Amino acid sequence: MHGIEVLSGGGLIMKRELTCIVCPVGCSLAAEIKDNGEVLVTGNTCPRGKVYAENECTAPMRTITTTVRCKNGEILPVKTDSPIPKEKIFEAMQIINKACPVLPITIEDVIIKDVFGSNVVAVRNMP
Amino acid sequence: MKELVIVGGGPAGMSAAIKAYEEGIRDILILERDSSLGGILQQCIHNGFGLHRFGEELTGPEYAWRYEKQVRDLGIAYKLNTMVLDITEDKVITATNIEDGIFQIEAKAIILAMGCRERAKGALNIAGTRPAGIYSAGTAQKLVNLEGYMPGKKVVILGSGDIGLIMARRMTLEGAKVECVCELMPFSGGLARNIEQCLNDFNIPLKLSHTVVEIHGKERLSGVTIAKVDENRKPILGTEEFIECDTLLLSVGLIPENELSKKASVCIDRFTNGAVVDQNRHTSCDGIFACGNVLHVHDLVDFVSEEAEIAAMGAVNYINNTDKERVSIDIKTDGKIRYTVPQRITEKKDVTVYFRVSNVFNNVKICVSDGENIVFSKKKTKVTPGEMEKITLKGNSFEKCTELKFYLEEA
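From a predicted model like this one, the values you see are computed outputs, not experimental measurements. (Residues numbered from 1 in each chain as written. Chains lettered and ligands numbered in written order. Predicted model: local features only at pLDDT ≥ 70, side-chain atom pairs only at ≥ 80, totals over all residues. Heavy atoms only, no water.)

(A) Representation of the interface of chain B and chain A within the structure. Across the boundary between the two partners, chain B contributes 30 residues, which contact 28 residues of chain A. Between chain B and chain A the total buried area reaches about 2,600 Å² when both faces are included, carbon and sulfur atoms providing 55% of it. Where chain B touches chain A, the interface holds three salt bridges. Measuring nitrogen to oxygen at the nearest pair gives 3.2 Å for the salt bridge that ties D201 of chain B to K86 of chain A. Here chain B and chain A share twelve residue pairs in polar contact (both at pLDDT 80 or more) between them. Breaking the side of chain B that touches chain A down by element, the ones donating at least two residues are strand 3 (47-49), helix 3 (60-74), helix 4 (137-147), helix 5 (162-173) and helix 6 (192-199) of chain B. The class makeup of the residues in the side of chain B that touches chain A is eleven nonpolar, eleven polar and eight charged. (Contact = heavy atoms within 4.5 Å. Buried area = accessible area lost by both parts, 1.4 Å probe. Salt bridge = Lys/Arg side-chain N within 4 Å of Asp/Glu carboxyl O. Polar contact = N/O pair within 3.5 Å; in protein donor to acceptor, adjacent residues only side chain to side chain. Helix = DSSP H or I, 4+ residues; strand = E, 2+ residues; numbered from the N terminus. Nonpolar A, V, L, I, M, F, W, Y, C, P; charged D, E, K, R; others polar.)

(B) Representation of the pairing of strand 21 (residues 329-333) of chain B. Residue and element names in this part refer to chain B. Bridge analysis of strand 21 against strand 23 (residues 344-345) gives two bridges, and the strand direction is antiparallel. What sits directly across from I329, in strand 23, is I345. The sheet contact formed by strand 21 and strand 28 (residues 403-410) spans four bridges and is parallel. In the sheet register, D330 faces strand 28, and the bridge partner there is E403. (Pairing = 2+ DSSP bridges.)

(C) Here's a closer look at the side chain of R62 of chain A. Along the chain, R62 of chain A turns up in strand 5 (residues 61-62). Only 3.0 Å separates the side chain of R62 of chain A from the side chain of E56 of chain A, close enough to count as a polar contact. Non-local contacts of R62 of chain A, meaning those with residues more than four positions away in its chain, are made with I21, Y52, E56, T80, P83, I84, K86 and I89 of chain A together with Q197 and D201 of chain B.

(D) Broad picture of empty space enclosed by the protein. Residues and elements named next belong to chain B. Overall, the coordinates contain one cavity of 30 Å³ or more when judged by the stated rule. Estimated volume of the largest cavity: approximately 40 Å³. The biggest single contributor to the lining of the largest cavity is helix 8 (residues 301-319), with four residues. Its residues placed into classes, the lining of the largest cavity shows four nonpolar, two polar and three charged. (1 Å grid on protein atoms, 1.4 Å probe; cavity = no way out; pocket = protein on both sides within 12 Å on 5 of 7 lines; lining within 4 Å. Points joined across faces, edges and corners; volume = space filled by probe spheres on them.)

(E) Inspection of the environment of V297 of chain B at higher detail. All names here are of chain B. Tracing the sequence through the fold places V297 in the loop between strand 20 (288-290) and helix 8. Of the residues examined, V297 reaches a relative accessible area of 19% and is grouped as buried. With 120 residues separating them in the primary sequence, V297 and K177 have C-alpha atoms 30 Å apart. Discounting chain neighbours no more than four positions away, the residues touching V297 are C116, L254, P256, Y339 and R356. (Buried < 20%, exposed > 50% of the residue type's maximum accessible area, 1.4 Å probe, protein only.)

Next up, the structure:
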């Protein structure tokens, strides 16, 4: 957690400077977190930036992209089909690394169900 | 004789082929060196591709598949595991593969889409020994993502280009400890989002104005000495620091892969390291076009696909004899603007010019002059070498001139 500034009074308890990771533009965002939990976002150039900053201040999420080794030894690229809690990244990696799917595999096939609320899916066809 | 031969089946080649097909060309052949279409995207398993073109965030293999599926559905011919050995000025291609041996194809038009290569260690001149454990970031990416091998356990990364940042995260996820990323320049060449999600998420330090000054180790890399550099990028005595590591990844820039283009005597721009082209991506060789990272290194694959469609339209008009040269305007730059693509304009119609600056500049005015008058200007709060800029010039704004000068005015 960087760019944290704790202020007193006026209902404002925390101010954070963020870099939006939703798209390659990478807008610089400022988020003011009120003591009632409300998050005020500035600097975003699209609505997704606002959602990102709100989540980042309350429950940061990340999509994992990695690989699994198939039974025949081939390396299959996979991803979580939605973001998972950021603090679960390494636990999720341990679960994903245990997978050993059997070919053939089609893009979007579910390799592991429900890893912290997200399915791990194939991102490449492997005949 | 083929109407259109495309050299390279990566994002540029596939996008060009699809566009040419859509515009009525049927006699198309893609030549690809690798065992599958998709090019470098197949090893770029991270997400962030396709936001501009598809409005969603895809991984590299998924982005590649969107195009490969179209190539297959349209029945566009391609040859895999096929290495192009030579291209001549009169558009004869010599290639080889295991089924056909060495063969020649004559083409009405050629689109060059060979992509780029990483700058290698040899180009850096780092002092010290030459042990195992030093890889380009892209090689490490291939080892981890395609072959399933980890290059090492304790890693230092030199250069903060996007591939280096992406590999810092990837190696960390797979259990390695990334000690730091050193960047010679006072700013990163990578995207802000990658510094955030690949370094900050994992508390990996980014050491700006730092470089590796010595490599240690006999058989295997045992460590590197890093040092701070001054404003002239020279190491500052007394700032040296030894970092123990078994792996050094180099992410120090990409160079368009133009060996074949040079064989065809295509004129190369010394700033882009790619061909000099007009607005249709037509090179100095009649009927030879270029697009994607072989022309100039792009920030996003989305822009590669877009440029490939421009080149495809150029090639289609050339094949159909509908392209007419009307004007000859050279685009010059002032050094602060390092290069433009295209470098010349041959038609009096609206043209989008892409360019890159040589340094970070704040509060600038991007100006275009025809020698007498400013024909275009636009203010920007910030421009950086890491982000390609573009402007669109109206066809009637450069009617009479023979040269357009692109320059930056600082406030």
